[in-house]
Amino acid sequence: MTILVLGGAGYIGSHTVYELIDNGYDVVIADNLETGYKAAVHPKARFYQGDIRNRDFIDSVFDQEKIDGVIHFAANSLVGESMTKPLKYYDNNLCGTKVLLESMVAHDIKYIVFSSTAATYGEPERIPIMEEDRTYPTNCYGETKLSMEKMFKWTSLAHGMKFVSLRYFNACGAHKSGQIGEAHNPESHLIPLILQVPNGKRPEISIFGDDYDTKDGTCIRDYIHVTDLSQAHILAMEYLVKGGDNAIFNLGNGVGFTVNEVIETARKVTGHPIPAKVCPRRAGDPAQLIASSQKARDILGWKPQYDDLETIISSAWNWHKNHPNGFDK
């Protein structure tokens, strides 16, 4: 079975490619390398550089390759940037997906697994968050991802395409081989930012608010290892191919850790004191985001293998200490 991974040179996309190939799949990657890295491309995958907003490009990939299903990671994903450049997010995330779906319909490709986000929920009404909970995004990034989900729904009704949308929480960690890991420029995710301190890239880590209604006053998040996320995408594709209907699944460990707990675990893993400085809250940061992933466990048979925070941070540190500058473009 041949799977096209859009954004397969990015963080989660590249890890999913590694897992697909380990599971015996034939893999094609399409990536414009705006935020992805050629060095993250698996040597056994066939790589096409181009943009899914370009209909000629995506048509050419489908014409050259016999694609059975698509896993879609190709989107801009920085919450802060989405608020200052909303039209960039509508152009890339929505317009790109529209062009992709037009090409999939034209080439009669019936299965797509979509990388969505917990940002579709906005400020949660309850913890843990369930798939049927209200979706009310508080940022443009979450709004575009929710709109993409609705685009899949209506395309499915009109053309018989089947989709799974995976809404996940804080992706983290790195591949067990140490060959690929998390590299964003600029970096915005907590664990790699913390690890920049022992790597000599920053003097301290900032804690945005210590007066939340949590056990130590800092925000609580659900951290999930990138390899566990990757496995869920494969299980979702297998579910569709076996005749599963359209579905949305949360992916998380169901356990929340405070910012302080993550920093303390990183100190233990790295042996570095990692100074921290409390700063004012950031607008739009919910106090808690924890997922219920029971539906994915029950229906997809998904079971996270790397659900221990120390294991997650150890895998990330194994990557970052050996790649302090990330990938070279």
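In what follows, the accompanying structure is described. (Residues numbered from 1 in each chain as written. Predicted model: local features only at pLDDT ≥ 70, side-chain atom pairs only at ≥ 80, totals over all residues. Heavy atoms only, no water.)

**Some words on the overall build of the protein**
We apply this condition: In this text, helices come from DSSP runs of H or I with a minimum length of four residues, and strands from runs of E with a minimum of two, each type numbered from the N-terminal end. We take the radius of gyration over the C-alpha atoms and set the globule estimate at 2.2 Å times the residue count to the 0.38 power. In this scheme, a residue with accessible area under 20% of its type's maximum is buried, one over 50% is exposed, and one in between is partly exposed, where area comes from a 1.4 Å probe on protein chains only. Here, two residues are considered to be in contact whenever any of their heavy atoms come within 4.5 Å of each other. In this description, accessible areas are obtained by the Shrake-Rupley approach with a 1.4 Å probe, and a residue is regarded as covered only by the protein chains that are shown. In this tally, Asp and Glu contribute negative charge and Lys and Arg positive charge; neither His nor the terminal groups of the chain are included. Lys charges are placed at NZ, Arg charges at CZ, Asp charges at CG and Glu charges at CD.
Counting secondary structure elements, the protein contains 10 helices and 14 strands. Radius of gyration (C-alpha) of the protein: 19 Å, near the 20 Å computed for a compact globule of 329 residues. For the protein, the spread of C-alpha atoms along the principal axes amounts to about 55 × 40 × 40 Å. Per-residue burial over the protein gives 56% buried out of 329 residues. Nonlocal contacts in the protein, meaning residues at least 24 apart in sequence, comprise 77% of its contacts between residues at least 6 apart. Element-wise, carbon and sulfur atoms account for 49% of the exposed surface of the protein, whose accessible area totals about 14,000 Å². Each charge class in the protein can be summarised by its mean position, and for the 33 positive and 41 negative side chains these summaries are 1 Å apart.

**Points about the environment of Cys172**
For Cys172, the location among the structural elements is in strand β7 (residues 170-172). Under the relative-accessibility criterion, Cys172 is labelled buried at 1%. Setting aside residues up to four positions removed in sequence, Cys172 forms contacts with Tyr11, Glu182, Ile191, Tyr223, Ile224, His225, Val226 and Ile312.

**Considerations on the sheet that holds strand β14 (residues 288-289)**
To keep things clear, this is the line we draw: At least two bridges found by DSSP between two strands is the condition for calling them paired.
Strand order across the open sheet formed by 3 strands is β12-β9-β14, with mixed pairing between neighbours. At either margin of the open sheet sits one strand with a lone partner, and together these are β12 (257-258) and β14.

**A short note on the sheet that holds strand β3 (residues 46-49)**
Heads up, the rule is: Here an axis means a line fitted to C-alpha atoms, over the contact stretch when the element is a helix, while the angle between two N-to-C directions is reported on a 0 to 180 degree scale.
The 7 strands are arranged β3-β2-β1-β4-β5-β6-β11 in an open sheet whose pairing can be described as parallel. Strands with a single pairing partner mark the edges of an open sheet, and in this sheet they are β3 and β11 (247-251). Sheet twist, expressed as the mean angle between neighbouring strand axes with direction ignored, is 20 degrees. Here strand β1 (residues 2-6) pairs with strand β2 (residues 26-31) via 5 bridges, running parallel. Across the sheet, Leu6 pairs through a bridge with Ala30, a residue of β2. Each of β4 (69-72), β5 (111-117), β6 (162-168) and β11 is contacted by helix α5 (residues 140-159), which is oriented at about 160 degrees to β5, the strand it contacts most.

**Some points on the environment of Ala40**
Along the chain, Ala40 falls in the loop between β2 and β3. Residues Ala40 and Arg53 lie 13 residues apart in sequence; the distance between their C-alpha atoms is 22 Å. Leave out the neighbours within four places in its chain, and Ala40 touches Ala9, Ser14, Tyr18, Ile180 and Phe327.

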